[in-house]
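Tertiary structure, described
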Amino acid sequence: MTIAYVMMQNLRRNRTRTALTIIAFALPMAIFVAAISLVVALIEINAISARELRLGVHHKTTLVNPLPEGTRRKIEALDPGGKRLTAVCGMRWFGGKIPNESGTIQSLAADADTFPRVYSDAELTPAEIEAWNRDRAAAVVGAGVAETYGSKYSGWKPGGRVVLKSTVPPYLELEFHIVKVMQAKGQANVFYFRRDYLTESFKTAGIDSPDCNIFWVKCNDAASLAALQREIDQTFANSPNETKSEDENTFRAGFTQALGNLPGLMRAMAIVVVVIIALVAGNTMMMSFRERTRELAVFKAIGFQSWRIFFVVLTESLLLALLGALIGIVPTTLFLLSFPIRRMGYLPISALTVSPWAVVISVVIALIVGFAAGLWPAYQALRLKTVDALRRVG
Amino acid sequence: MALPLSYNWRNLFVRKTTTLLTCLVIATVVGVFTWLVGFAGALNRSLSYANDAHKLIVLKQGATSETNSAILPEDYNKLSQVQDVAVNPKTGEPLRSPEMIVQVSLPRRRDNGTTFANVAVRGVTDAAFGVHRNVKLLGKGFSSGSMEVIVGEQAAKQFGGVQIGDTINLGYSGNRGYKVVGYFSANGGPMETEIWGPLTTLMNSYNRNMYSSVNVLLNDKADPDKVAKFVQGPSVDLNAQTEPAYWYDQSKNIRIYLGIVGGLVSIMCVAAIFAIANTMYATVAGRTREFAMLRTIGFSKNQILLSVVIEAVFLALLGGAMGCIACEAWLVLAGNTKDMFGATTFTTMAFEIKLTPYMVVGALLLVAGVAVLGALPPAVRASRVHVIDALREP
């Protein structure tokens, strides 16, 4: 009779309890893996953004208040030698949507000359940069947008033509030529096109409005970013156009907060879930230990060492936790992978895919919980006074 | 005679650890559940006060919200063709309110101004106070033509720098100081998160000659849908929606958010069913002889079944009460304020999460239901105890 056999028999003895525990463990675990996936995805995106070293400069009052085009020159003048900043890219919100569709695409007009350098994570190849420079109507689009609309409309692929109608005055309808579908996670749901095209189209419509909503400053290193952030805001302080500069992660966090702080909620959910599974597992282990006190005493009486008994009880708890975790994690992972949620809306939901890290974290958490839940009963088993336990009735 | 309730109540304290652990599982689930219900309730309450079906919100064709709509004065004049507009009983003027929406970025008080929220600033004329029937001045209003604003109650509560006596910087370049002179309520509706000021002064400050939207109050005999159709027709050619329809669109993203959280919470509720079943199975298994004895002294099968279910309901109510208390404590300690962007307004809607007695009763009823579901299978087993065999057991 091996120890492994004893453990399997133990799990099999009260099948109802084993099944109930595993299900009560698996369901919260399914939530945990989804919640932690979102958190991990966001950490990954933030890490990428932090590496990109972009500083966003917008009007202090709000993002909607425009800054004049000339702001770019003034920012560049802060570092004429190019030692601290690589390039500055002005952007203007277009908020285009496909005529007769409801969802607004995050579409922005960007300075054509500096866009490829400031957005190196768009990974434009030299040929694509040439196409972007040559064609005034060129546009690059995130994989999420391309997937969402590609199934319904033609044109959402490199070389294709698409039409977007702006949701902001004067509601221009423009045709774009797609030169690239961006695979970068942080750019899944964005659409960039050339700002000179927009300014020109404004002029045709009789409007002279070359202003920008935001300027993205690509910095050479983290120290320069921090220094420029201070200097830029100082430069424009007390001018008619006071600025507020934020690094890309802070800027994005502002939106995440405004959209209800889903990542914060998911972190809270993850904690709640760990509490629940710990209680469920702990409860089960306490119950089965109580019922088995005499049996464990018998094991001791016939010569099993105490540490073996300790090991048996603890392993049983770990086994339960592992089974529960697998039953929770596997279906959720398959579900999330087969229905990419990134088609839905903005960051951070759009970033939700299950990364191997999320799965690893979930399994590790489950094992820690299993270990913690088994520890107290196992310790009691270790200390068990054989004679007293045998004498106890019921 | 049924089994006395004190029998069940005292049974819960025979196995203190198990009872406590199960209670904590239930408390955690109920705590999260009541928070979610409180959130959904706050949102619905807010939207139900923006539910004047006789109010039309007129936007430019192609605009998705008041924020990105631009109505030229000649467009506004076309609205004089609209029939069935209510009139101001004092002046006899039709209740048509041209309005301009801009925004200001304000620090959130709940995190001491670390993060900022975009708050709508609405330029209005006297007509607005007739059209928006739920808006009430609390104290002093602004004088038209002045650089004064009044602030919605909820905005004053949740954001910094907008209390009476403060000056907010507004305007195209954000350098026009507007003094806060009073507060207003909107009966809890989304307008309570807005700042109102005189239309003409604000339009000057922003160098604008266009309105954002026109709000029209129809008289009681009017058919709002028919009037909206007319506005959309060729002679006016503007987009018109009733207020409930408008807010239904703008709260779409919040409803998706609530849907995600609701889905997760219902999974947790199912897990709680299994946790309760597990505990009750263990309780029943440990009391086989007791049930047999009860059968011998004349209690029927159904009475024992009922007794086990009642015991589970006690357990669940105990946990549920703990959960409700924990949720209320959380709201008191961590703050109950929350704000979220509308779907396309780019301005925030602030509300306060509150637990009402109805919500607490609802949560307790739900958890009682969960307990019944979880306890039924073990209760059936208890009621089917084989009397003679069970009594003979050691």
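Keep in mind it's a predicted model, so treat the numbers as computed, not measured.

Moving on, we come to the overall build of chain A. Helix and strand counts for chain A stand at 14 helices and 10 strands. Dimensions of chain A, computed from the C-alpha atoms along their principal axes, are close to 95 × 45 × 35 Å. Of all 394 residues assigned to chain A, the portion counted as buried reaches 46%. The contacts of chain A with a sequence gap of at least 6 include a subset with a gap of at least 24, amounting to 80%.

Turning our attention to the sheet that holds strand β9 (residues 214-219) of chain A. Residue and element names in this part refer to chain A. Here 10 strands make up an open sheet; going across it, the order is β3-β6-β7-β5-β8-β4-β2-β9-β1-β10 and the pairing mixed. Both edges of this open sheet fall to β3 (96-97) and β10 (243-247), since each of them pairs with a single strand only. Looking at chain direction, strand β5 (residues 138-142) and strand β8 (residues 190-194) are connected through 3 bridges and run antiparallel. In the sheet register, Ala 139 faces β8, and the bridge partner there is Phe 193. Each of β5, β7 (173-182) and β8 touches helix α6 (residues 143-150); the most contacted strand, β5, lies at about 90° to it. Its contacts with the sheet put helix α7 (residues 195-204) on β2 (85-93), β4 (106-110), β7 and β8, and the angle it makes with β8 is roughly 70°.

Quick look at the packing of helix α10 (residues 262-291) of chain A against helix α12 (residues 306-338) of chain A now. Describing two packed helices takes the angle between their axes plus the distance from one axis to the other. All names here are of chain A. Between α10 and α12, the shortest axis-to-axis distance is 11 Å and the interhelical angle comes to 140°. Classified by the interaxial angle, the pair formed by α10 and α12 is oblique. Crossing of α10 over α12 shows right-handed handedness. Judged by residue contacts, Ala 281, Thr 284, Met 285 and Phe 289 of α10 engage Val 313, Ser 317, Leu 320 and Ala 321 from α12. Tallied by class, the residues present in the contact of α10 with α12 amount to 6 nonpolar, 2 polar and no charged.

So, about the domain arrangement of chain A. Taken as a whole, chain A is organised into domain 1 (3-46 + 261-391) and domain 2 (61-241). The straight-line distance from the C-alpha centre of domain 1 of chain A to that of domain 2 of chain A is 47 Å.

Take the environment of Thr 21 of chain A next. Turning to its location among the elements, Thr 21 of chain A is positioned in helix α2 (residues 15-52). Classification of Thr 21 of chain A by C-beta neighbours within 10 Å gives buried; the count is 29. On a C-alpha basis, the gap between Thr 21 of chain A and Leu 322 of chain A in space is 12 Å, while along the polypeptide they are 301 residues apart. Here Thr 21 of chain A is in contact with Val 280, Ala 281, Thr 284, Leu 320 and Gly 324 of chain A together with Asn 278 of chain B, once residues within four sequence places are set aside.

With that settled, consider the environment of Gly 150 of chain A. Residues and elements named next belong to chain A. Position of Gly 150 relative to the elements: it lies in helix α6. For Gly 150, a count of 17 C-beta atoms within 10 Å gives the class partly exposed. A sequence separation of 141 residues divides Gly 150 from Gln 9, and the C-alpha atoms of the two residues are 55 Å apart. The contact partners of Gly 150, leaving out residues within four places of it in the chain, are Trp 156 and Lys 157.

For the rest of this paragraph, the subject is the pairing of strand β9 (residues 213-217) of chain B. Where a strand is regular, its side chains alternate between the two sheet faces. Residues and elements named next belong to chain B. Burial runs high along β9: 5 of the 5 residues are buried. Of the two faces of β9, both are covered, the one formed by Ser 213, Asn 215 and Leu 217 as well as the one formed by Val 214 and Val 216. In the sheet, strand β1 (residues 55-59) pairs with β9 via 4 bridges, with the strands oriented antiparallel. By the bridge assignment for β9, Leu 56 is matched with Val 216.

Interface size is often expressed as the accessible area that is lost when the parts come together. Listed as interface residues are 46 residues of chain B and, on the opposing side, 44 residues of chain A. For the side of chain B that touches chain A, the secondary-structure elements that each account for two or more residues are α2 (16-48), β2 (96-107), β3 (116-124), α9 (252-286) and β11 (337-341) of chain B. It is α9 of chain B that contributes the most residues to the side of chain B that touches chain A, 16 residues altogether. A breakdown of the residues in the side of chain B that touches chain A according to their chemical character gives 26 nonpolar, 20 polar and no charged.

Thresholds, definitions, all that
- Throughout this description, residue numbers start from 1 for each chain and increase along the sequence as written.
- In the order they appear in the text, chains get letters beginning with A and ligands get numbers beginning with 1.
- Where totals are concerned, whole chains, interfaces and linings use all residues; where local detail is concerned, this predicted model gives features only for residues with pLDDT of at least 70, and gives and counts side-chain atom pairs only at 80 or more.
- Helix and strand definitions follow DSSP, with helices as H or I runs of at least four residues and strands as E runs of at least two, each counted in order from the N terminus.
- Labels follow a simple rule on C-beta atoms placed from the backbone: if 20 or more others lie within 10 Å of a residue's own, it is buried; if 12 or fewer, it is exposed; otherwise it is partly exposed.
- In this description, a residue-residue contact is defined by the distance between C-beta atoms placed from the backbone, which must lie within 7 Å.
- Strands pair, by our definition, only if DSSP identifies at least two bridges between them.
- Angles shown run from 0 to 180 degrees and are taken between the N-to-C directions of axes, each axis being a line fitted to C-alpha atoms and, for helices, limited to the stretch in contact.
- Relative orientations are named as follows: roughly parallel for angles under 35 degrees, roughly antiparallel for angles over 145 degrees, roughly perpendicular for angles from 65 to 115 degrees, and oblique for any other angle.
- Handedness of a crossing follows from how the near helix is turned relative to the far one, being left-handed for an anticlockwise turn of less than a right angle and right-handed for a clockwise one.
- Three classes are used, and their members are as follows: Ala, Val, Leu, Ile, Met, Phe, Trp, Tyr, Cys and Pro are nonpolar, Asp, Glu, Lys and Arg are charged, and the others, Gly among them, are polar.
- These domain boundaries are the output of an automatic or database domain assignment.

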